[in-house]
Amino acid sequence: MKQFFLACLAALTLGACGTNPTTTAPAASGASGSLQVTDAWTRPAGMGGMGDMGGEQPTTEGGMAGAQPTAAAMEGMDMGGMGNGAAYMTIRGGSEADRLIRAESDVAEVIELHTVENDGGVMKMRPVEGIDVPAGGEVQLAPGGFHVMLINLKRELKPGDTVALTLQFEKAGAVSVEASVREQ
Amino acid sequence: MQLNRVLLALLALSLALSACGSYEFRGGVIEPPSDAPDFTLTNQSGQPFQLSEQRGQVVLLFFGFTNCPDVCPTALAEAAAARRQLGTDGEKLTVALITVDPERDTPERLGRYVRAFDPSFVGLSGTRAELEPIYKAYGVAATRRELPESALAYTIDHSAFLYVIDRDGQWRVAFTPGTPIEDMVSDLRHLIQTGVS
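Residues numbered from 1 in each chain as written. Chains lettered and ligands numbered in written order. Predicted model: local features only at pLDDT ≥ 70, side-chain atom pairs only at ≥ 80, totals over all residues.

## So, the overall build of chain A
Counted only if it meets this: Only runs of H or I of at least four residues qualify as helices and only runs of E of at least two qualify as strands under DSSP, and these elements are numbered from the N terminus. Burial in this document is a count-based property: other C-beta atoms within 10 Å of a residue's C-beta are tallied, and the residue is buried at 20 or more, exposed at 12 or fewer, or partly exposed in between, with C-beta positions derived from the backbone. C-beta atoms are first placed from the backbone for all residues, and any pair lying within 7 Å is then listed as a contact.
Across its full length, chain A carries 2 helices and 11 strands. Its helices and strands in sequence order give chain A the pattern α-β-β-α-β-β-β-β-β-β-β-β-β, from N to C terminus. Expressed as a percentage of the 184 residues in chain A, the buried residues total 34%. A separation of at least 24 residues holds for 77% of the contacts in chain A among residues at least 6 apart in sequence.

So, in structure tokens, the structure goes:
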């Protein structure tokens with residue numbers, strides 16, 4: 001019986017600390033009924049090619065160990081920055097409806113919430129005040145729709161890197177997310 | 001009456017032709033194929049890029065801009081994936097981004113942007129006077145929209161189709177945003193392997 005509990009505890013611990021992008025749930029919230037963010041990701045952006053998959057270790061939990069700009073990145077800065085990026089994720093609502101009102105990260109100078117409307121093939125990107133998360137429902141931040149826009153990246157985003165984001169919800173408060181950098 | 005009969009015969013003929021082992025495109029077919037409107041713009045190295053000089057290559061054209069964080073990277077990442085999946089056939093594919101934001105997109109900025117997807121990609125810029133007729137010829141809507149509440153200051157509402165020009169310089173297919181990569185690969189491979197007539 002004790003072993004069973006230990007196994008459960010181990011499973012929970014692993015689940016919470018895995019290398020996959022996971023949510024750090026607000027400390028006070030319960031296991032069920034709380035808002036969850038999963039599968040956070042962003043495309044590679046910046047100077048480098050996308051083929052360079054090797055050698056880059058993902059940064060640890062919120063760590064900025066890998067955040068020093070490369071020489072190439074520095075070069076990019078005086079040309080108006082590294083460009084922009086977009087972060088995507090799935091947000092599952094908890095027991096009450098909530099609203100994503102802001103995102104923060106030190107990876108970019110400015111972070112905004114945007115959406116894209118497809119108007120007969122004409123794509124219109126617009127800032128949004130917030131993104132509603134229905135109670136017990138799910139909202140997708142995905143290419144061609146809602147996204148967290150990272151404006152003026154401070155460093156190159158390479159495949160295998162992770163980007164620490166803090167999402168601010170109206171009710172759930174701050175939720176930390178590690179977005180993995182990948183192509184699709 | 002006579003005309004109706006001719007029309008029916010033509011319809012039957014076209015059905016028969018399409019059924020007889022001819023390749024069926026998965027993207028939107030430009031019918032009939034027409035000469036792709038020619039243009040000369042400046043590539044990221046500052047060199048002229050003339051469409052009609054690309055004969056022998058299949059050209060995939062996309063209109064976009066570097067401050068576009070979602071739609072354009074999605075399209076270009078898909079184009080890059082398609083080119084990789086084409087393997088050696090991919091060498092016969094030229095992917096070019098034509099800017100709809102010439103005020104901000106310098107050749108250098110475009111170069112950095114497209115190279116992040118595939119080192120072979122071409123970023124094309126020019127003056128407004130050079131670009132406007134090209135947008136018009138390709139039916140590209142590109143409207144500047146002020147975004148006072150955004151750090152971007154403005155965005156460009158723009159058509160996000162990918163245009164495919166065959167190795168003879170004929171405009172053949174347009175992919176809508178979100179076309180599955182395997183569909184793009186299938187059409188591109190067909191046009192690459194069909195060769196120059």
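## Notes on the packing of helix H2 (residues 71–85) of chain B against helix H5 (residues 181–194) of chain B
All names here are of chain B. What counts is decided by this rule: Structural elements are reduced to axes, namely lines fitted to C-alpha atoms, with helices fitted over the stretch in contact, and the angle between N-to-C directions of any two is expressed from 0 to 180 degrees. Note on angle classes: values under 35 degrees are labelled roughly parallel, values over 145 roughly antiparallel, values of 65 to 115 roughly perpendicular, and the remainder oblique. Note on convention: the crossing is left-handed when the near helix lies turned anticlockwise from the far helix by less than a right angle, right-handed when the turn is clockwise.
With their axes 9 Å apart at the nearest point, H2 and H5 run at an angle of 55° to one another. Considered as vectors, H2 and H5 are oriented oblique to each other. For H2 against H5, the interelement crossing comes out right-handed. On the side of H2, the interface is formed by Glu78, Ala81, Ala82 and Gln85, while H5 contributes Ile181, Met184, Val185 and Leu188.

## Some thoughts on the confidence of the model for chain A
Residue and element names in this part refer to chain A. Counted only if it meets this: By definition, pLDDT measures how confident the predictor is in each residue, and it falls between 0 and 100.
With 62% of its residues at a pLDDT of 70 or more, chain A shows a mean pLDDT of 74. Of the regions scoring below 50 in pLDDT, residues 4–31 engages in 24 contacts with residues more than four places distant in sequence or in other chains. Low pLDDT, under 50, characterises residues 48–80; the predicted model gives this stretch 54 contacts beyond four residues in sequence or across chains.

## Examining the pairing of strand E10 (residues 162–169) of chain A
All names here are of chain A. Put simply, the rule reads: Two strands pair if DSSP finds at least two bridges between them.
Where strand E4 (residues 98–104) meets E10, 4 bridges bridge the pair, whose relative direction is antiparallel. Looking at E10, one finds that glutamate 104 is bridged to threonine 166. Note: E10 against strand E11 (residues 173–181), 8 bridges, orientation antiparallel. Across the sheet, alanine 164 pairs through a bridge with glutamate 178, a residue of E11.

## Thoughts on the sheet that holds strand E4 (residues 58–64) of chain B
All names here are of chain B. Ordered in space as E1-E10-E9-E4-E5-E6, the 6 strands form an open sheet in which the pairing is mixed. Strands at the two margins of the open sheet, each flanked by one partner only, are strand E1 (28–35) and strand E6 (122–124). Across the sheet, the axes of successive neighbouring strands diverge by a mean angle of 25°, strand direction being ignored.

## Topic: the interface of chain A and chain B
Note the following rule: The nonpolar class holds Ala, Val, Leu, Ile, Met, Phe, Trp, Tyr, Cys and Pro. Asp, Glu, Lys and Arg form the charged class, and all remaining residues, Gly among them, are polar.
In this assembly, 32 residues from chain A lie in contact with 33 residues from chain B. Listed by contribution, the elements that provide at least two residues to the side of chain A that touches chain B are strand E3 (85–92), strand E5 (108–119), strand E6 (122–127) and strand E9 (147–153) of chain A. Take the side of chain A that touches chain B: its biggest share by element is 5 residues, from E6(A). Taken together, the residues that form the side of chain A that touches chain B break down as 15 nonpolar, 13 polar and 4 charged.

## With respect to the pairing of strand E2 (residues 36–42) of chain A
Residue and element names in this part refer to chain A. With 5 bridges connecting them, E2 and E3 associate as antiparallel partners. Looking across to E3, one finds that valine 37 is bridged to isoleucine 91. For E2 and E11, the ladder comprises 2 bridges, and the chain directions are parallel. Bridge assignment links threonine 42 to a residue of E11, and that residue is valine 181.

## Re unusual backbone geometry
Residue and element names in this part refer to chain B. The residue after glutamate 31, namely proline 32, is reached through a cis peptide bond having omega -10°. Residue placement: proline 32 occurs in strand E1. Positive phi, normally seen in glycine, also occurs at alanine 153, with a value near 70°. For alanine 153, the location among the structural elements is in strand E8 (residues 153–159).

## Here we look at the nonpolar core
Heads up, the rule is: Residues of type Ala, Val, Leu, Ile, Met, Phe, Trp, Tyr and Cys that are buried and joined through C-beta atoms within 7 Å form what is called a nonpolar core.
Formed by 89 residues in total, the largest nonpolar core has its most connected members in Val148(A), Leu150(A), Leu60(B) and Leu76(B). Among all residues touching Leu60(B), those that are not within four sequence positions of it are Ala79(B), Leu93(B), Val95(B), Leu162(B) and Val164(B).

## Structural notes on the environment of Glu132(B)
Inspection of the secondary structure assignment puts Glu132(B) in helix H4 (residues 128–137). Residues Glu132(B) and Val100(B), spaced 32 residues apart in sequence, show a C-alpha to C-alpha distance of 8.9 Å.

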